[in-house]
Structures are given as structure tokens and as C-alpha cells.
Amino acid sequence: MKNQAEQLEQELTEKLTLTFGKQLKEATTKDMFQVVCLVMKESIHANWQKTKQLYRETNSKQVYYFSMEFLLGRLVESNLLNMGQLETYQQALRSLGFDPERVFMEEHDAGLGNGGLGRLAACFLDSLASLQLPGNGMGIRYKYGLFQQKVVDGYQVELPDYWLKDEYMWETKRSDRTVEVRFGGTVETSFEHHKLQFHHHDYERVLAIPYDVPIVGFQNETVNTLRLWSAESTANHFHFHSSRGHDYYHYLDYKRSVEKISEFLYPDDSTYAGKVLRLKQQYFLVSAGLQSILQQCKQKALPMEQLSRHVVLQINDTHPSLVVPELMRLLLDEEGLGWDEAWAITTETVAYTNHTTLNEALETWPKDMIEMLFPRIYLIIEEINERFCQSLWHDYPELRDKIAELAIISYDQIHMAHLAIVGSFSVNGVAELHTRILKERVMKSFYTIFPERFTNKTNGITHRRWLMNCNPGLARLLTEAIGDSWIKDADRLADIIPFSSDRGFQEAIAEVKHDNKKKLAAYIYQHARIPVNEQSIFDVQIKRLHGYKRQLLNVFHIIHLYQRCLENPALEFTPRTFIFGAKAAPGYTFAKHVIKLINAVADKVNHHPLVKEKLKVIFLENYQVSLAERIIPAADISEQISTASKEASGTGNMKLMMNGALTIGTEDGANVEIQQLVGEENIFTFGLTSDEVFALQQHGSYRARDYYNQDRRLQQILDLFVNEHFTSDDVEFKDIFYSLLYNNDEFFVLKDFDSYVHAQRCVDATYRNQEKWLEKSIINIGRSGTFASDRTIREYAADIWNIHPPASR
Ligand SMILES: *Cc1c(COP(=O)(O)O)cnc(C)c1O
């Protein structure tokens, strides 16, 4: 009898010959990666069929998670883990003479997202499948994912991310499920069968082709579906444009304009770039997704009146909020329902997650643009708005002076958040503080009107990828100490808390961390040619580059330490390695200047003879999921230093906590909940609170200049920016100087500086007592189970979706 790994070796070898006609010794790691996927797919696809059949037979209610972004990263390792086959494959690959890690690295990250919002969608899919819940993703198959970042002379350079260059191993094209999406044209009305009928003419036809990606649940044989839509032209488009005939060049224009719809992911994390194309993408996703869902309901002969018993549509931020008018259109025009009936169905089926209170990120679109691109949808939005404003007038006399502020259409703009709130049965924020800010401030009037709609669902991360996969050393140690029940139930991580003061356990934890730091140090040396001290504190800030996330505050502290070292070469503190990973939106000039600043500071610090033994600054290029998986297990300190009230939740904070890093952070987003869980002695909190930030904004009483004038440290730091200390032509840094002192430091960097430096001193002092530090680290790991996305998804399933695992037969 052969064991499993030996059997697998044979299967892999046979598949290699069958697919590539190659012998083992001729195979490249890329060949081997593809062969691994092909063999895996045989069992994944069998379970996929079974899962679909089970959902059909049990008539299960399904959730569809509509999101413009799914930041999946690599799937090979997480799929193997979930299949319970990771070790078998690793063993077989080694026996065949391959390094499993190198084989898995052949997979190109699926980077169909910008940051937290897209990664959340991916973690949710993993949890849905792992909890055996009928849940699917709906997204766009962008031909190019988020740009690849290079750093050249300290500047960010963006390269296209052509992730489909090699075949994407996990997707299956489903041409049989193609639907048509219509853009532009005109709408005419007529009166037939005692009803107003709408006729859409002269529209542009776009084919939406679905590519399905299997989402493998954790050791439960469940395989759910992520459906990604691709836009294609149709050859017979011009049969409908008889006046134009078959104009070949016109056809090429049409083809180009259609293909653009699913070409690029917008590299804009939280600000809206005024692009018609982006709006077309949103409608493309929504219309294709809804049509395919309704088609499936019809195949099952479900009456449309009962749609909300079978389907729930969760929209990830406002980007897909055209589901509201599009579902109305399908129910009214295609199904022939009346307005009231269609409205009842829609508002029982759609649920909305809010992700931001940043003003510039609250989506609005010019009403002309919507009218031009989707004339029928525009009419429906107008009608929804009309009825909503009427009901405000009649039912809420106390809000009459607020109607313009609450309307869906006002000043020729369409407010997508208003559309989403009015058109849904559930509105949720993503952390307790964020939800409170929604209820009490940003959406206060809507909360008065629809109090029952608002709930909180604090974000989460899948502990399978963010602990088991990325930190196997820690996972093994945890299981040795407390058994493996935490794997199925992350709350059981709390079982390690009694070991937090156990010297033996502390040392084992320290050893795992040190191993991880060694590996990261090797990666840094390989990629940046900078030697880093493995005994130093690894201080990590990895996230999109944005003013509100305040990478600048971190840099201020580094420059401050640098200057103190120069003033007093004998200064005693634990050496630190500051590690950054961050992409800036290509059009976000300030963010790009901060990247240049980090690299300029790195250049000085890393080479200065008086400093380089104590401080290192590393900017790792191209921050993405697979890089996060390398950095996080090695982190000692997690920088979560956003201006209070600005970070809705954060999920990077959760990943780092789960891997034993201690947080230095403001009372913002989920940091607040981390503090509640671990206690204030196990986190380094500093800075303004959100209420203080609101008060300063309201009274306009903050003057950045005063802080500059009164604090010698700030003068020293800021003067470097204009004194050309870093480079000969540092206009970038002057720009930062002006934004702080002349634009009055929108994000309160100068205001929070002193408090931050103080907290950093506490970090240093605490780290010197390794026993205390490790105790805190263990408590953080133990309390992180709350942030498993399984918990989040259980809450969504119970409180919003009302979905359950199918009763298997
Ligand atoms: C988790 C994650 C994020 C979100 O990080 P925040 O610190 O919450 O902003 C962004 N990008 C990637 C690649 C991630 O894995």
C-alpha cells in the first residue's frame, strides 16, 4: 500500500506528462504549480457540484456579496489547507525534488482590490464556505488588477498588473451563463394593457461573461462560488444599428469601448475619480449579477414575490448601490410587477455596508451622467427620490427643513449612500465606533427615520490565512499548548491566556517570533540589500498610503529619533527596524510625496555611521496580500495611528494582533475594541479621541503653527523639509511642509506628535522587559479570536441575512 503522498507523487507525475508532455526532470516550478492546481481541481470541482446540488435540493436561501473588489491574493496554499491536503502536497513536492514554497509562489496574486475593503470581501468568502453557509461573491474580472509598484530613486512607479498573463488556474469560464447589459440609448413610454410601458432603444449592447472561481470551505466539502464578470463585445451589435451598416472601423471603436469596461480596477482607495468608466463598471456588475440571480430563481420556478425568502443582496459600500434601481427595473419592466410590490421586494432584499465617513469618499454622481448612461435607471431613481421626499414631508414634519440634505437627488447630484439606505432593509457600520459615528453624526437624520435598519458588524479576518497559513510555527505552538479546538472555533485562542506568564511558553513564543523575523530579514536583504538586526524591534506600518492613516506621523518619530541619536550618540534605546509597505493612488500627489520622504529618510538613517546600528528604515515595494503574509508574522509593533474617527475599522490591526504584535494606536476604528479586549495595559494608546477631533473641527480652534512655534522638536524636523537636508531638489518635502503649516495640518499630525513620541517611549521601555512584553503579546493573540471573520459572518448570517447551513440529507 502506498501512502497518500506517494500516491500523489504518481498523480502529479502522470498529470505532468499528460499536460505538458514532460518528464519530471524537465519540469519547471511553473509547470509543477499548474500541475498541482490541475490535480487539486479534480476534487474541488467534484465538491463544487455536490454543494450546488445540495443548495438546490434544500432550497437554501443564498446571500450574494456584491463588491467591486475582491483582494484574493494567492489561493493555492489556502485551498490546500482548507482541503486538509497541505502537508501531503508539501511532502509529495519535496520527494519530487521541488521546494513547495517556490512552487506556491508561482501563483500571481489576484489583486482585484485596493486594500481593506477588497480583502474583507475575500475573508468573508472564506468564512462563508468554512461555515457551510450558502454565500457567493459577485465581482468584476478586471484584466488588470491593482498596479504593481516599483520604487525608483525613492519614487513610486506604477506598472500594469497583467495577472492573466499566465492562465488563471482557478477560474472556469461559463459562457452558458452569459447575459446582456445595456448602456445609453433612449427610453420611450407607451400605455398598453392599462399600464405604462417603458421601451429602451438604441442602446449599446455589452455581453457579460461570467468566470466562476471555487471558494473552498475548511475541511467540510463545501465549495461556494465567486462569480467574476468580464465584458465582451457582440458580433451582431450592428443589426440593431441598420442606419450605420457594417462599418468596420466603427465596430472596432465599439469593441474597444466595451472591453474597457472590465479592463482596469480603479486604483483609488477612498476618493472618487470622475470617470464615466467607473460608473459603467458599477452598473455592469450590478446588472449582470442581478440578471443571473433572477435567471436562477426562475429556473427553480420561485415566484418573484418571494424573492427575499430565497435571496439576499449585500452591497460592499455604495459602489454597487445601483442594485436598488436595477432590481426595480427588472421587477417592473421584465417581470411586470407594480411599483409598490417591486419596492417591497427590493427593500426586503438589499442590505448595505457603509465603509467610510470620509467626505471625499461618499459617492455622488452627476445626474446627467446617470441619465445619459442608463436612461431607464435614471427615471427609476427619480421616482424613488420623489416618493421618499414625499414621505418625509408627510410623515416627518420635524425633518422638513432637512429634505434637501436627505434627498437622493439634490443639486444635480445623485447621492449613492442615500439611495442605498432608502433602498435597503439593513445598514451596517464596520466597527462599534464607526457605527456610533454613523448614527450620531454622519447619518443622524436617516437614523431617526429608520432606526431599526442600523446595526454594527465589526470586521474580521480569516484566521486560516492570517494565522494558520502565514504563521505555521505559531499555529503549531498554539496547538501543542491548548489543542486544536481554536482551529474550528477561534474564540478558543483565549485558552492560551493562562499560559501568558509561563516562562517556558513565553520562550517558545519568542523563538517563533525570532524565526519569523530572521526569515523577513533575509527577504529584506534579498530585495533591498539592507542588513537588519534581527534583535531589533520590528515596527510595522503596512496599509494604503493616505493622509488620514498618517504614515507621516511615523516618519516624524523616526526623524526625531535620528536627531536625538546625532545629538547624543550614547543615547540608549532598543534598536528598531521600521518597516513600511504602502501603495499610493497614482493621482494622489501628497501620498506620493510621503513615499519619497520615507525613502529619503531611509537613505540617511540606514547609512549614517552614528545611527545605522540602532535604526533602520525599510520601504518594501509592492505591498499586496502575499507580502502582508510575510511581514505580519515577524512584527513586534503594529502601527495603527490614523486620525481618530477616520479609519472605519481597519483589518490590518487585527492580523497583526493575531500574530502577537502589540498595537500602538489611536482610539479609532477597531483599535477601540482591541483595547477593550486586551485591557489598556496591553496596548499603547495615544492621541486625540474622535470626540476631540470633532470638537476641534467644529470650533476651528486648531492652529498647527502654534505647535510648530512651541515645540523645538517639530521645528527641527520640519525645517529639514525646507532646508534641503534630504536631497538637492526636494520640492516634495516643501509641499508636505506647506500642507502642515499653511493648510493647517488637516490630520492633526503636529497635534498628536508629543503624545505619540511618549507612547513610543513606553514601547521601548516595555520591550526591555521581555517577560512583560511576551505576556502582553500572548494576551493579544489570545484575545484576537473575536476578530476572526467567522464571528463576523455568523453575525451577518443571524442578524441580517437569515441564512443557515443547508440541512444535509
Ligand atoms: C489587510 C490588508 C489591508 C488593510 O489594511 P489596513 O491596515 O486595515 O488599512 C490592505 N491591503 C492588504 C494587502 C491587506 O492584506
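If you're wondering where the values come from, they're calculated on a predicted model, not measured in any experiment.

**Some words on the overall build of the chain**
- Of the regular secondary structure elements, the chain holds 33 helices and 25 strands.
- The C-alpha radius of gyration computed for the chain amounts to 27 Å, which stays within 12% of the reference 28 Å derived for 809 residues, consistent with globular compactness.
- Once the C-alpha set of the chain is aligned to its principal axes, its extents read approximately 90 × 80 × 55 Å.
- Here the chain, with 809 residues, has 60% of them falling under the buried criterion.
- A separation of at least 24 residues holds for 77% of the contacts in the chain among residues at least 6 apart in sequence.
- When the 88 basic and 107 acidic side-chain charges of the chain are each reduced to a single mean position, those positions are 2 Å apart.

**Notes on the site of the ligand**
- Around the ligand, a shell composed of 14 residues is seen, among which K543, K549, T651, G652 and K655 lie nearest.
- At 3.0 Å from an oxygen atom of the ligand is found a main-chain nitrogen or oxygen belonging to G652.
- A distance of 2.6 Å is found between an oxygen atom of the ligand and a side-chain nitrogen or oxygen belonging to K655.
- When the free accessible area of the ligand is taken as 390 Å², the share hidden by the protein chains comes to 96%.
- Contributing elements (two or more residues each) for the shell around the ligand: α6 (116-130) and α25 (652-658).

**Remarks on the packing of aromatic side chains**
- Following the criterion strictly, the structure yields 25 aromatic pairs and no others.
- For the ring pair F183 and F374, a centre distance of 6.1 Å and an interplane angle of 50° mean the geometry is tilted. On the criterion of sequence distance, the pair formed by F183 in strand β8 (residues 179-183) and F374 in the loop between α12 (367-373) and α13 (375-395) is long-range, its members being 191 residues apart.
- Using a relative accessible area of 3% as the deciding quantity, one classes F183 as buried.
- Taken together, a centroid distance of 6.3 Å and an interplanar angle of 70° make the contact between F556 and F753 edge-to-face. With F556 in helix α22 (residues 551-567) and F753 in helix α31 (residues 749-768), this pair connects stretches of sequence that are 197 residues apart. F753 shares its class with F556; the two are buried.

**Considering the pattern of salt bridges**
- Scanning all chains against the criterion turns up 42 salt bridges.
- A salt bridge links E180 to R182; its shortest N-O distance comes to 3.0 Å.
- Its salt-bridge partner being D754, residue R713 comes within 2.8 Å of it at the nearest N-O pair. Here R713, found in helix α29 (residues 712-722), pairs with D754, found in helix α31; they are 41 residues apart in sequence, far enough to count as distant.
- The partly exposed category is assigned to D754, whose relative accessible area is 44%.
- Salt bridges linked by common partners bring R174, D176, D212 and R227 together as one network.

**A short note on a nonpolar patch on the surface**
- On the surface, V152, V157 and L159 cluster together to form a nonpolar patch covering roughly 200 Å² of accessible area.
- Checked against the element boundaries, L159 lands in strand β6 (residues 155-161).

**Things to note about the environment of A628**
- Relative to the helices and strands, A628 resides in helix α24 (residues 625-631).
- C-alpha separation for the pair A628 and P609, spaced 19 residues apart in sequence, amounts to 31 Å.
- Excluding residues within four positions of it along the chain, A628 makes contact with W466, Y623 and P633.

**Let's talk about the sheet that holds strand β22 (residues 615-619)**
- Taking strand neighbours across the sheet as the criterion, the six strands line up as β22-β21-β20-β23-β24-β25 in an open arrangement whose pairing is parallel. Both outer strands of the open sheet, β22 and β25 (684-685), are each paired with one neighbouring strand and no more.
- Taken together, the four bridges between strand β23 (residues 637-640) and strand β24 (residues 662-665) define a ladder with parallel strand orientation. Bridge pairing in β24 links I637 to L662.

**Here we look at the sheet that holds strand β16 (residues 409-410)**
- Within the open sheet, the three strands sit side by side as β15-β17-β16. Their pairing is antiparallel. If you trace the sheet from one side to the other, it starts and ends with β15 (364-366) and β16, each paired once.
- Bridging between β16 and strand β17 (residues 413-415) involves two bridges; their strand directions are antiparallel. Directly across from S410, in β17, lies its bridge partner Q413.

**A few points about empty space enclosed by the protein**
- According to the stated counting rule, one finds four cavities of 30 Å³ or more in the structure shown.
- In this model, the second largest cavity occupies a volume close to 160 Å³.
- L75, S78, A122, D126 and R465 are the residues nearest the centre of the second largest cavity, which is lined by 15 residues in total.
- Elements with a minimum of two residues in the lining of the second largest cavity: α3 (76-83), α6, β11 (204-216) and α18 (463-469).

**Here's the deal with the side chain of N469**
- Within the secondary structure, N469 is located in helix α18.
- In this structure N469 comes out as buried when scored by relative accessible area, which is 11%.

**Some thoughts on the packing of α29 against α31**
- Two elements in contact, α29 and α31, have axes separated by 11 Å at closest approach and are oriented at 115°. In terms of their interaxial angle, α29 and α31 are classed as roughly perpendicular. Where α29 crosses over α31, the two elements pack in a sense that is right-handed. Residues R713, L714, I717 and L718 of α29 touch α31, and the partners they reach there are L750, F753, D754 and V757.
- A class-by-class count of the residues in the contact of α29 with α31 yields six nonpolar, no polar and two charged.

**Regarding the layout of surface pockets**
- Within this model, the second largest pocket holds a volume of roughly 670 Å³.
- Along its surface, the second largest pocket is lined by 28 residues, and N359, L362, R441, V442 and M443 are the ones closest to its centre.
- For the lining of the second largest pocket, the secondary structure elements donating two or more residues are α14 (403-406), α15 (416-422), α16 (432-442), α17 (444-449) and α27 (690-699).
- By residue number, the principal contributor to the lining of the second largest pocket is α17, which donates four residues.
- Residues belonging to the lining of the second largest pocket are distributed by class as follows: eleven nonpolar, ten polar and seven charged.

**As for helix α8 (residues 276-299)**
- Between its first and last C-alpha atoms α8 spans 35 Å; for 24 residues at 1.5 Å apiece the expected length is 34 Å, and the two agree.
- In terms of burial, α8 is largely enclosed, as 18 of its 24 residues are buried.
- Count one or two residues on from α8 and you reach A301, which has phi positive near 60°.

**Quick look at the nonpolar core**
- If you look at the biggest cluster of nonpolar residues, it comprises 194 residues, and the most contacted ones within it are F284 and W801.
- The element contributing the most residues to this core is α8, with ten residues.
- Not counting residues within four places of it along the chain, the set of residues in contact with F284 comprises I140, V181, F183, V206, L207, A208, W229, S230, A231 and I261.
- Counting 64 residues, the second largest nonpolar core, distinct from the first, contains V555, F580, I598 and A600.

Rules behind the numbers
- Residues numbered from 1 in each chain as written.
- Predicted model: local features only at pLDDT ≥ 70, side-chain atom pairs only at ≥ 80, totals over all residues.
- Heavy atoms only, no water.
- Helix = DSSP H or I, 4+ residues; strand = E, 2+ residues; numbered from the N terminus.
- Rg over C-alpha atoms; globule rule 2.2 N^0.38 Å.
- Buried < 20%, exposed > 50% of the residue type's maximum accessible area, 1.4 Å probe, protein only.
- Contact = heavy atoms within 4.5 Å.
- Lys, Arg positive; Asp, Glu negative; His and termini not counted.
- Charge placed at Lys NZ, Arg CZ, Asp CG, Glu CD.
- Near = heavy atom within 4 Å.
- Polar contact = N/O pair within 3.5 Å; in protein donor to acceptor, adjacent residues only side chain to side chain.
- Areas by Shrake-Rupley, 256 points an atom, 1.4 Å probe, with all protein chains shown as cover.
- Phe/Tyr/Trp six-rings, centres within 6.5 Å; stacked < 30°, edge-to-face > 60°.
- Salt bridge = Lys/Arg side-chain N within 4 Å of Asp/Glu carboxyl O.
- Patch = residues over 30% accessible without salt bridge, like charges linked within 9 Å, V, L, I, M, F, W, Y side chains within 5 Å.
- Pairing = 2+ DSSP bridges.
- 1 Å grid on protein atoms, 1.4 Å probe; cavity = no way out; pocket = protein on both sides within 12 Å on 5 of 7 lines; lining within 4 Å.
- Points joined across faces, edges and corners; volume = space filled by probe spheres on them.
- Axes fitted to C-alpha atoms, helices over the stretch in contact; angles between N-to-C directions.
- Parallel < 35°, antiparallel > 145°, perpendicular 65-115°, else oblique.
- Left-handed = near helix turned anticlockwise from the far one by under 90°.
- Nonpolar A, V, L, I, M, F, W, Y, C, P; charged D, E, K, R; others polar.
- Expected span 1.5 Å × (residues − 1).
- Core = buried A, V, L, I, M, F, W, Y, C linked by side-chain atoms within 4.5 Å.

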